[in-house]
Amino acid sequence: MSEIPAKATESEDPSDGARAEAAGASGEAPVGDPLWQSSPPGSMYEYIKVASFSIGADGLVDQWSLRAEQLLGIPAERAVGMDPIAAFVDPDLRDRGHRKMAEILDGREWTGVIPFRLPDLPEEDGVLFREPGFGPERDGLAEVYVMPTRNEDGEKAAVCIVVDVRVLRRIETDLAASQAIFGQSPFGFLLIDSDLRVRRANQRFASIFGGTPDDHRGKGVHDYLPRGEAERVAATLRRVLETGDSITDMHVTGFVPGSEERRHWSVNLYRVHSGSGRPIGIAWLGIDITARRAAAREAAAARRNLALLNEAGARIGNSLDLETTARELLDVVVPGFCDLATVDLYQGLLAGDETPPGLADGSAELRRVAFASAVSDVPFESTAKPVAVGAVHHYPFNSPCADALRTARPRAVPAEEGGLVQSTLAVPMVAHDTVVGLVQFSRTKGSEPFGDRDRDVAVELAARAAVCIDNARLYRREHERALILQRSLLPPGDPVASGLDIACRYLPGNVSTGRPSEVGGDWFDVIELPGHRTALVVGDVMGRGLRAAVAMGELRTAVRTLAQLDLEPAEVLSQLDEIARGLGAPGGPSQAFGPGGIQQATRAARRPREADLSEVYLATCVYAVYDSVTRRCTFANAGHLPPVLVEPGEAALMLDVPPGMPLGVGGEPFEEVEVELPEGALLALYTDGLVESRDHPLDEGLQAFVGALTDPSRPLEDVCDHVLNTLDTHHGEDDIALLMARVQGLPAESVGDWTLPREPRSVGRAREYARGQLLSWDLEPLVDTTELLVSELVTNALRYGEGEIRLRLLLDRTLVCEVWDSGLVQPRRRRARDTDEGGRGLQLVGLLSAAWGSRRTHRGKTVWFELPLPDGEHGMVDPAEALLSLF
């Protein structure tokens, strides 16, 4: 609207009254602050600044409006009476200006653009009302509309309406920018009014949702978005309109006409104001981010799959147990990758077969070793009978699972109607070009079905698990073989010894925990010696694995060989030490029992060789020889734990046997300790696995072991079980060997002992002693044979021996006859020629006895022979036939 000019001393601007009222209402004095709005809100004059003044008949300003003051910066009291041409027009244009003024005062209207400059004002006047953005320039360009009029005296005058052209140019620029946003922007742009209705839409928005931009006027968010999403967006629009807070990157989801594809947009919202600052609506700037969201999902899936594979590499294969490895795979994939999963392995591979049967058609028997579900009470198959973990089954030939096993390629298993499973992948587990089993991944309804990327991840997971499972299978096979080897080297069944009740236990490492482990080198042995004596051996080769088991077997064989030589315990350990030092030498320990015997092993041990720790064999061993006649036991120890003795009515104690150095170290002699064992006493030999573990130190374990041996009178098998149940024997860290013996000495009535003088009559006397003793034992069938053999041995002692002769008969499970003398020369059996008159005595002893031999003693030697008792199981040799066989 135009404004009526006011006199300099009295303003007729209607807005002055409004401002006065507002000022009065607020209790403030009215001031001349610039307020362009004098019309109802939304007027165009909020944006276009219009000023007016009037010119009298004399061509001078006679009225000057408040807006003229504000636009031109000249107060009314100075402007009234000014010549506008002289004041505002450049001197070069003033003549033309005066001509135009004359024409206007003549009654002609005129419209045009006039360059002007502001006059120089006194310092005190200043530019008080300069509109921001227009000063301090002194030159300008105004669009002027001059209308002829008459004053109250009827004289010709003029009214001038002035608009600053710079404001118009700015509005034109703003309109062009607005048009560029709406018409050329690649983003969807909406102007939404205060009623949340679309007031204007650009072409980009219309191209997405159809129609022309005008077709979208008056629509709301409910016309574009699903109900739930529309309610959320509408609430956000109201909040922006009320608070003025802008919204950045709000994600909106919906559909576009003619498409079922879900689309995603990123929307920026901000409140729009009028020129006076009044909120008039909301600007909506949106961009389609569907492709970006898809790429982000792909990237997130790739990161998730990479993290899954990294987790699989860290968690799968930590154990060398087949079932544990399968469970580790399922722990990784459920529920992060799928909702249900199973692992089936070929039964043939689990049984130890190198090549499982039925690989050609995929129908071989499999065992289900693992199952995992993130959904409770949901079977893997909806119609078929579920396969329990541990059950053996097979897949039909035409099934996808059999096809996956047959082709070694993953297959999708169709979902069954009515079931909760909507997507299943059957992935073969391939390791080293061999299919070892099948893993199935399933997702239930509500989860995203498997895609190509998921298929690749499933194949990679199955391949990693397959390699670990195959390694575990191979390790189990080698472990079982080593265990078989180790068990084959231990005494078979229950050992039997003269004068001893024997019980033993052997627990391989980790058998109690169910985890496969390398076998150790623990062993024990019970060796029968001549004269109803028994050697008790317990040892432990340091290290684990097949090498330790083989070294244990070699040392055990060496111990048995040395024991048959009837060496003293300390000498046995000395020879074992030399053999252990030679185990890693070229040619191995087999040379120790070839030509040259133990001396060859000794030389091999002493040969200089490079220090290779992998070829160093160390072992601990305790070797004891028990004599059932005297009940005396001689111990020698090579770095092993001390034996434990429990006497009747006494507390258990550890025998003080010097430990010595372990076998294989060399350089130190071994000491012997002889102990007399009372009747009924309990002797225990053991390895460190029984008394030591990570959680229980050695001292604590030894005390617990001694404390567990409280009642030696119980059956020996029960005592062994009680010890194993009392101690921490389930740690599985090392093998456990336990050998227990209860002393049952040979009764005095089972022993016949005589001393014979060194004279020929002693031969006949020896026969008489033997006959009488056998008759008292009711062994008449053995009398003739025994008399003949005793005569031969006593005769040899008279002819080739020295000192007194001692004859001893021992009755236990067999009959043993011993002839002692002081000579050191060992009898040597030779084959006599047909023409020889003698030399057949030892041949006769070998033919008639079950076994015979000789051994050194502290005072000479002992020659012995052994006869089986006439119990009907062993046939007796006829002495006459034996004599005839010599010729």
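Reading the values: rules and limits
- Residues numbered from 1 in each chain as written.
- Predicted model: local features only at pLDDT ≥ 70, side-chain atom pairs only at ≥ 80, totals over all residues.
- Heavy atoms only, no water.
- Helix = DSSP H or I, 4+ residues; strand = E, 2+ residues; numbered from the N terminus.
- Buried < 20%, exposed > 50% of the residue type's maximum accessible area, 1.4 Å probe, protein only.
- Contact = heavy atoms within 4.5 Å.
- Areas by Shrake-Rupley, 256 points an atom, 1.4 Å probe, with all protein chains shown as cover.
- Phe/Tyr/Trp six-rings, centres within 6.5 Å; stacked < 30°, edge-to-face > 60°.
- 1 Å grid on protein atoms, 1.4 Å probe; cavity = no way out; pocket = protein on both sides within 12 Å on 5 of 7 lines; lining within 4 Å.
- Points joined across faces, edges and corners; volume = space filled by probe spheres on them.
- Nonpolar A, V, L, I, M, F, W, Y, C, P; charged D, E, K, R; others polar.
- Core = buried A, V, L, I, M, F, W, Y, C linked by side-chain atoms within 4.5 Å.
- Pairing = 2+ DSSP bridges.
- Axes fitted to C-alpha atoms, helices over the stretch in contact; angles between N-to-C directions.
- pLDDT = per-residue confidence, 0-100.
- Patch = residues over 30% accessible without salt bridge, like charges linked within 9 Å, V, L, I, M, F, W, Y side chains within 5 Å.
- Salt bridge = Lys/Arg side-chain N within 4 Å of Asp/Glu carboxyl O.
- Arc of directions from axis to C-beta.
- Lys, Arg positive; Asp, Glu negative; His and termini not counted.
- Charge placed at Lys NZ, Arg CZ, Asp CG, Glu CD.

Turning to the overall build of the protein, a few remarks are in order. Helix and strand content of the protein: 22 helices and 31 strands. Looking at the protein residue by residue over its 887 residues, the buried ones come to 47%. Considering only intrachain contacts with a sequence separation of at least 6, the fraction spanning at least 24 residues in the protein is 62%. Counting only carbon and sulfur atoms, one obtains 51% of the accessible surface of the protein, whose full area is about 43,900 Å².

Going through the model one piece at a time under the given rule, you end up with 9 aromatic pairs. Arranged with centres 5.3 Å apart and planes meeting at 75°, the rings of Phe205 and Tyr224 form a pair that is edge-to-face. Residue Phe205 is located in helix H7 (residues 203–209), and its partner Tyr224 is located in the loop between H7 and helix H8 (227–243); the two are separated by 19 residues in the primary sequence. For the residue pair Phe205 and Tyr224, the accessibility class agrees, reading buried in each case.

Applying the stated criterion to the full structure yields 3 cavities of 30 Å³ or more. In this structure, the second largest cavity occupies an estimated 50 Å³ of space. Considering the residues around the second largest cavity, the lining is formed by Leu322, Leu345, Tyr346, Leu349, Leu350, Val436, Ile469 and Arg473. Looking at the lining of the second largest cavity, the elements with two or more residues in it are strand S11 (340–346), helix H11 (347–350) and helix H13 (452–488). Split by residue class, the lining of the second largest cavity holds 7 nonpolar, no polar and 1 charged.

Tracing the chain through its elements places Pro226 in the loop between H7 and H8. Exposure remark for Pro226: the relative accessible area of 33% places this residue in the partly exposed category. C-alpha separation for the pair Pro226 and Gly254, spaced 28 residues apart in sequence, amounts to 6.4 Å. Ignoring any residue separated from it by four or fewer positions in sequence, one finds Pro226 in contact with Thr253, Gly254 and Phe255.

Here we take up the layout of surface pockets. Size it by volume and the largest pocket reaches roughly 830 Å³. Lining the largest pocket are 29 residues, and of these Asp627, Trp820, Arg855, Thr857 and His858 lie nearest its centre. Residue assignment for the lining of the largest pocket shows that the elements contributing at least two residues are strand S20 (619–627), strand S21 (632–638), strand S24 (672–676), strand S28 (805–811), strand S29 (814–821) and strand S30 (851–857). Looking at the lining of the largest pocket, its residues break down into 7 nonpolar, 7 polar and 15 charged.

So, about the environment of Thr814. With respect to the helices and strands, the residue Thr814 is situated in strand S29. Look at Thr814 and you get buried, because its relative accessible area is 15%. Sequence-wise, Thr814 and Pro868 are 54 residues apart; in three dimensions their C-alpha atoms are separated by 5.0 Å. Not counting residues within four places of it along the chain, the set of residues in contact with Thr814 comprises His532, Glu866, Leu867 and Leu869.

In this section: the nonpolar core. Core analysis: the largest hydrophobic core is formed by 57 residues, its most contacted members being Trp523, Leu536, Leu555, Leu576, Tyr623 and Leu739. The element that contributes the greatest number of residues to this core is helix H14 (residues 546–564), accounting for 8 residues. In terms of nonpolar packing, the next biggest core, distinct from the first, is built from 49 residues, Ile316, Tyr395, Cys401 and Ala431 among them.

For the rest of this paragraph, the subject is the sheet that holds strand S22 (residues 644–646). The strand order across the open sheet formed by 5 strands is S17-S26-S25-S22-S23, and the pairing between neighbours is antiparallel. If you trace the sheet from one side to the other, it starts and ends with strand S17 (500–507) and strand S23 (653–654), each paired once. Where helix H17 (residues 698–708) meets the sheet, its contacts fall on S22, S23, strand S25 (682–686) and strand S26 (736–743), and the angle it forms with S25 comes to roughly 150°. Contacting S17, S25 and S26, helix H18 (residues 716–726) crosses the sheet at an angle of about 30° to S17.

This part covers the confidence of the model for the protein. With 81% of its residues at a pLDDT of 70 or more, the protein shows a mean pLDDT of 80. Low pLDDT (under 50) marks residues 123–137, which in the prediction has 21 contacts with non-local residues, meaning those over four places away or in another chain. In the predicted structure, residues 600–614 sits below a pLDDT of 50 and forms 18 contacts with residues beyond four places in sequence or in another chain.

Where nonpolar side chains cluster on the molecular surface, the patch consists of Leu485, Leu546 and Val550 and spans about 210 Å² of accessible area. Mapped onto the fold, Val550 is located in helix H14. Exposure remark for Val550: the relative accessible area of 36% places this residue in the partly exposed category.

Looking only at helix H12 (residues 400–407), the buried set comprises Cys401, Ala402, Ala404 and Leu405. Buried residues along H12 cover an arc of 160° about the axis, so they all sit on one side. Buried residues belonging to H12 abut S11, strand S12 (366–373), strand S14 (411–413), strand S15 (421–431) and strand S16 (434–444). With its phi angle positive at about 60°, Ala408 sits one or two positions after the end of H12.

Among the surface-exposed residues, Asp58, Glu152, Asp153 and Glu155 lie close enough to one another that they form a single negatively charged patch. Counting through the fold element by element, Asp58 comes out in the loop between strand S1 (50–55) and strand S2 (61–64). Asp58 sits in the exposed class, given a relative accessible area of 57%.

The pairing of strands in a sheet happens through backbone hydrogen bonds and is either parallel or antiparallel. Strands sit in the order S13-S12-S11-S16-S15-S14 across an open sheet of 6 strands; the sheet is antiparallel. Edge strands, defined here as strands with exactly one partner in the open sheet, are strand S13 (392–393) and S14. Strands in contact with helix H10 (residues 322–333) are S11, S12, S15 and S16; relative to S12, the strand with the most contacts, it is inclined by about 35°. This element, H12, spans S11, S12, S14, S15 and S16 of the sheet and lies at about 170° to S14.

Right, let's talk about the pattern of salt bridges for a bit. Overall, the coordinates contain 31 salt bridges when judged by the stated rule. Between Glu717 and Arg505 there is a salt bridge, with the nearest N and O atoms lying 2.7 Å from each other. Of this pair, Glu717 sits in helix H18 while Arg505 sits in strand S17; the two residues are 212 residues apart in sequence, bridging distant segments of the chain. Residue Arg505 is classed as buried on the basis of its relative accessible area, which comes to 19%. In this structure, Arg533 and Asp566 form a salt bridge, with 2.6 Å as the shortest nitrogen-oxygen distance.

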